[in-house]
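Chain by chain, the residues run as shown.
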Amino acid sequence: MPMLTENLSRQATERGDAVALVDGAQRHSYADLHGAAAAVAAQLGAKGVRVGDRVALLLDNGFDYVAALYGCLACGAVAVPLNTAARAGDLGGWIAHADARAVVLAPGHPAAGELLATARGDGRLILMTSGADVVEGSRLCTDARTAYGALARPASADAPAMILYTSGTTGRPKGVVLTHRNLAANVAAIVDYLALGPTDRMVTVLPFFYSFGNSVLHTHLAVGAMLVLEPNLVYPQKVLETLVRERATGFAGVPSTFALLLSRARLADYDLSALRYVQQAGGGMPPALIERTLQALPASCSFFVMYGQTEATARISYLPPEHLRAKPGSVGIPLRGVEIEVRREDRSRCAALEVGTIFVRGEGVMAGYWNDPGLTASVLAGGWLNTGDSGYVDADGYLYIAGRRSDIIKTGAHRVQPQDVEAVIAEIEGVEEAAVVPVDDDILGEVVKAVVVLRPGAVVTDLEIKARCRARLAAYKIPKRVEFASSLPRTSTGKVQRHLLARP
Amino acid sequence: MNAVRHDDTDLRAEVRNYLRENFLFGEEAPRLGDEESLIGRHVLDSTGFLELVAFLESRFGVRIEDPEMTPENLDAIASIATLVQGKLAGADSGGRADAAE
């Protein structure tokens, strides 16, 4: 099975002049990308990064991000892409938790100053900056002029390739460790069912530091397709104009991506006739929204509903588009090489239509959580991953998701651990305790709500609570709504009954 | 016609106030320049923009058409004020034209 670096080397050899990435006005060929990745690998090695060292990436989607990521893979380093929307506290926490040897960052990032100061004080942390030479010799060189050979195949396919953090650092950081084999296997299976090829042109708004965006990136580079980067969905018309201009064959989104597109644009006004496949993952999409999306897309376009989890590299199942209307609400059948079992609490297998916990096994299942054997053992046993999601399989073998995974709030493309927000609110003078829960939202699926209990006599406004959250947390974690209560509902054992607070 | 008049300074102040109350929560508004990018400063994201547009439409009684959702019109306090002012002026002259018929 070819590893990601081998995929890129092959494409650079077979179609070096073909466009790999469109990043703003720049069009980068496979040869350029391959050369840049090789240059980064050489630079990392020269600076002292060794096989197995962690390299944190704090870069938005762009040519430098992709070159840095493949450069890490090629020199045997473990890439740790960080959420660029996060605040300095979380970023520093992840860098420390991963014990990163190097950080590659964009000097314009709001947390750059703080991270630069930390790196200078640390003395051991190697700093590389994209676009500018902030510290002497730090500039990441991605405009490769030297001819490099093929990117190296990793010494072991089972060595860690990436760590993806799925929670903040106020609680227990969860760093999902993906091996080269995990990535290669999941990419191969996705390429297979989407029938991706070198003539495909994918427009993506998904951040690469999340699992979905990460899979979109690798699957398209693996086949020599073209990826067109759109920075965000703030201006839906611009995304649609890009789809038209590039004659895009593919598009990918989470449910809120489609809700946003449909809310502010008439898709019928745009020539989307080249669109061949649209992928949806990142949480359940209401069947009514799927139907509206289908109505707005050309009839020739296939709509793929998919289910996955970072812990399974990305993808677990997909619904073949021809069954979309026959199996509404289903997330489909397992990918090639993936097994799914729905189990009862005693671990026995559920019957058809019986709701239980979803377990998966296959080459995409992560190696574990970084530096946390206890947490790893709580979800991985005998090669099976406990997804924490509940669901059932129908008589035809189609999977349906029936319940939410723990307390995680799914807002747009983001995941919010309530504890991360609760910890920040609890630090405010006058706050007794707080519970953070999801409430339904037409566009984002869910948004964050905080229920706050104040100490007797204390005066704290909702604005003060939001301000503190803004200072400490990524914008998507700031509660949209703050309510005050005299106490939080609890079970007899003292556990907060979040479901009672989650009502709108 | 008794339309409420808004000069550019009023409009900018009102937009700034809305952003402070709803996205900055009182903290950073004085440091946000009129010409600064709201995206670049991480003040708004995609749904934040929808909320801003809804606010402008309801507060000023204007309609912002989908093709007008561009960075040139909406990515800074100054450009938002210009957009809204242009629409209010257009509505005024439209009203006079109607009255003349």
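The structure this text deals with has already been given above.
Criteria and cut-off values
- Residues numbered from 1 in each chain as written.
- Chains lettered and ligands numbered in written order.
- Predicted model: local features only at pLDDT ≥ 70, side-chain atom pairs only at ≥ 80, totals over all residues.
- Heavy atoms only, no water.
- Helix = DSSP H or I, 4+ residues; strand = E, 2+ residues; numbered from the N terminus.
- Contact = heavy atoms within 4.5 Å.
- Buried area = accessible area lost by both parts, 1.4 Å probe.
- Salt bridge = Lys/Arg side-chain N within 4 Å of Asp/Glu carboxyl O.
- Polar contact = N/O pair within 3.5 Å; in protein donor to acceptor, adjacent residues only side chain to side chain.
- Nonpolar A, V, L, I, M, F, W, Y, C, P; charged D, E, K, R; others polar.
- Phe/Tyr/Trp six-rings, centres within 6.5 Å; stacked < 30°, edge-to-face > 60°.
- Buried < 20%, exposed > 50% of the residue type's maximum accessible area, 1.4 Å probe, protein only.
- Lys NZ or Arg CZ within 6 Å of the ring centre and 35° of its normal.

Undergrad: With reference to specific residues and values, describe the environment of T461 of chain A.
TA: Mapped onto the elements of the fold, T461 of chain A is located in the loop between β25 (445-454) and α13 (462-472). Taking the C-alpha atoms as reference points, T461 of chain A and F484 of chain A, 23 residues apart in sequence, are found 9.4 Å from one another.

Undergrad: Outline the interface of chain B and chain A, supporting the account with residue identities and numerical values.
TA: Contacts between chain B and chain A engage 26 residues on the former and 21 residues on the latter. Of the roughly 2,000 Å² buried at the junction of chain B and chain A (both faces included), carbon and sulfur atoms supply 61%. Of all residues in chain B, F25, H42 and D66 of chain B give up the largest surface area on contact with chain A, accounting jointly for 31% of the area buried on that side. Summed over the shared surface of chain B and chain A, the number is 1 salt bridge. Across the contact surface, chain B and chain A share 2 residue pairs in polar contact (both at pLDDT 80 or more). If you list the elements that add at least two residues to the side of chain B that touches chain A, you get α1 (8-24), α2 (46-60) and α3 (71-74) of chain B. With 7 residues, the top contributor of residues to the side of chain B that touches chain A is α2 of chain B. Here the residues of the side of chain B that touches chain A are counted per class, giving 12 nonpolar, 4 polar and 10 charged.

Undergrad: Could you give an account of the environment of G337 of chain A, with specific residues and numbers?
TA: Residues and elements named next belong to chain A. Along the chain, G337 turns up in the loop between β15 (330-334) and β16 (338-343). Taking the C-alpha atoms as reference points, G337 and A98, separated by 239 residues in sequence, lie 30 Å from one another. Setting aside residues no more than four positions away along its own chain, G337 makes contact with R361, G362 and E363.

Undergrad: Let's hear about the packing of aromatic side chains: which residues, and what values?
TA: Across all of its chains, the model carries 12 aromatic pairs over all chains by this definition. For the pair Y193 of chain A and F304 of chain A, a centre-to-centre distance of 6.0 Å together with 45° between the ring planes defines the contact as tilted. You can see Y193 of chain A sitting in helix α6 (residues 180-194) and its partner F304 of chain A sitting in strand β13 (residues 302-308), a full 111 residues away along the chain. Consider the rings of Y193 of chain A and Y318 of chain A, whose centres lie 4.0 Å apart with planes at 5°: the pair is stacked. In this pair, Y193 of chain A sits in helix α6 while Y318 of chain A sits in strand β14 (residues 315-319), placing the two residues 125 residues apart along the sequence. Assigned by exposure class, Y193 of chain A and Y318 of chain A land together as buried. Through pairs of rings, three or more aromatic residues link up here, namely Y18, F23, F55 and F60 of chain B. If you follow R343 of chain A out to its NZ or CZ, it ends over the ring of F359 of chain A, 4.1 Å from the centre. Across from the ring centre of W384 of chain A, 4.8 Å away, lies the NZ or CZ of R343 of chain A, which sits over that ring.

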